[in-house]
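Observations on chain architecture
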Amino acid sequence: GVLLEVSEETELTYKIASDEDFEELAQFSENILNKKYRIFAHRDFYYYQTLKAQFEAEHGAIVCVYQSDVLVGYFFFAEYDTIEVIEPVCLEEFKDEFSHIFAKFFKECNKEIYVTAFDFLNEDDFKNIVTKPATMVRIINLEMFVKYLTATEPVNIVIEIQDSLIE
């Protein structure tokens, strides 16, 4: 489980994302993820429309986080016996404050909260962190995918691919 060590006091606000937010969300996430990663799932209106349906089916949502009216971050969550917070992403300058949003958003909830992908969060705000794989993807162009694999020192990698639909 994840226990927040922060209060719910924050000037940041949030709302559950709906269709009219998806274009802004797509631009925001493409910009911020592009600065940090070489490989990530492309985001557009339809990506978020699909995610919205997925998380609603899992008793969750896409949550947009704002300072005043400016989008500064987002996260997805699903609710089972526990709360699964997935892909919390924010602008660097809100890294220290972002966990306050979780405390505020889930303050009425007594379930354990699991958070994946801590890249944009201050880990010191959390106790008993349980990390999980951040995403599952399907490689549709192996040659292009391999071009983006890099290492800071020599390394041997063995990749076994089995896909009956793609050569």
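Predicted, not measured: the structure shown is a model, and the values here were computed from it.

1. Observations concerning the side chain of Glu-87
Here Glu-87 is to be found in strand 5 (residues 83–90). Residue Glu-87 is classed as buried on the basis of its relative accessible area, which comes to 16%. Separated by 2.7 Å, the side chains of Glu-87 and Arg-43 make a polar contact. At a separation of 2.5 Å, a polar atom in the side chain of Glu-87 contacts the side chain of Tyr-74. Residue contacts for Glu-87: discarding those within four places in its chain leaves Leu-33, Arg-43, Tyr-74, Phe-75, Phe-76 and Thr-116.

2. Concerning the pairing of strand 4 (residues 70–79)
The element strand 4 is extensively covered by neighbouring structure, given that 8 of its 10 residues are classed as buried. When strand 3 (residues 61–67) meets strand 4, the two strands line up antiparallel, connected through 7 bridges. Following the sheet pairing, Tyr-66 is matched in strand 4 by Leu-71. Hairpin geometry of strand 3 and strand 4 is characterised by an intervening segment of 2 residues between the two adjacent antiparallel strands and by a positive phi of about 55 degrees at Ser-68. Pairing geometry for strand 4 and strand 5, over 6 bridges, is antiparallel. Paired with Glu-79 across the bridge in strand 5 is Ile-83.

3. Structural notes on the packing of helix 1 (residues 22–36) against helix 2 (residues 45–57)
Remark: helix 1 packs on helix 2, axes separated minimally by 8 Å, with the N-to-C direction vectors making an angle of 110 degrees. Between helix 1 and helix 2, the crossing angle belongs to the class labelled roughly perpendicular. Contacts between helix 1 and helix 2 involve Phe-22, Glu-23, Leu-25, Ala-26 and Ser-29 from the former and Phe-45, Tyr-48, Gln-49 and Lys-52 from the latter. In the contact of helix 1 with helix 2, the residues fall into 5 nonpolar, 2 polar and 2 charged.

What counts and what doesn't
- Residues numbered from 1 in each chain as written.
- Predicted model: local features only at pLDDT ≥ 70, side-chain atom pairs only at ≥ 80, totals over all residues.
- Heavy atoms only, no water.
- Helix = DSSP H or I, 4+ residues; strand = E, 2+ residues; numbered from the N terminus.
- Buried < 20%, exposed > 50% of the residue type's maximum accessible area, 1.4 Å probe, protein only.
- Polar contact = N/O pair within 3.5 Å; in protein donor to acceptor, adjacent residues only side chain to side chain.
- Contact = heavy atoms within 4.5 Å.
- Pairing = 2+ DSSP bridges.
- Axes fitted to C-alpha atoms, helices over the stretch in contact; angles between N-to-C directions.
- Parallel < 35°, antiparallel > 145°, perpendicular 65-115°, else oblique.
- Nonpolar A, V, L, I, M, F, W, Y, C, P; charged D, E, K, R; others polar.

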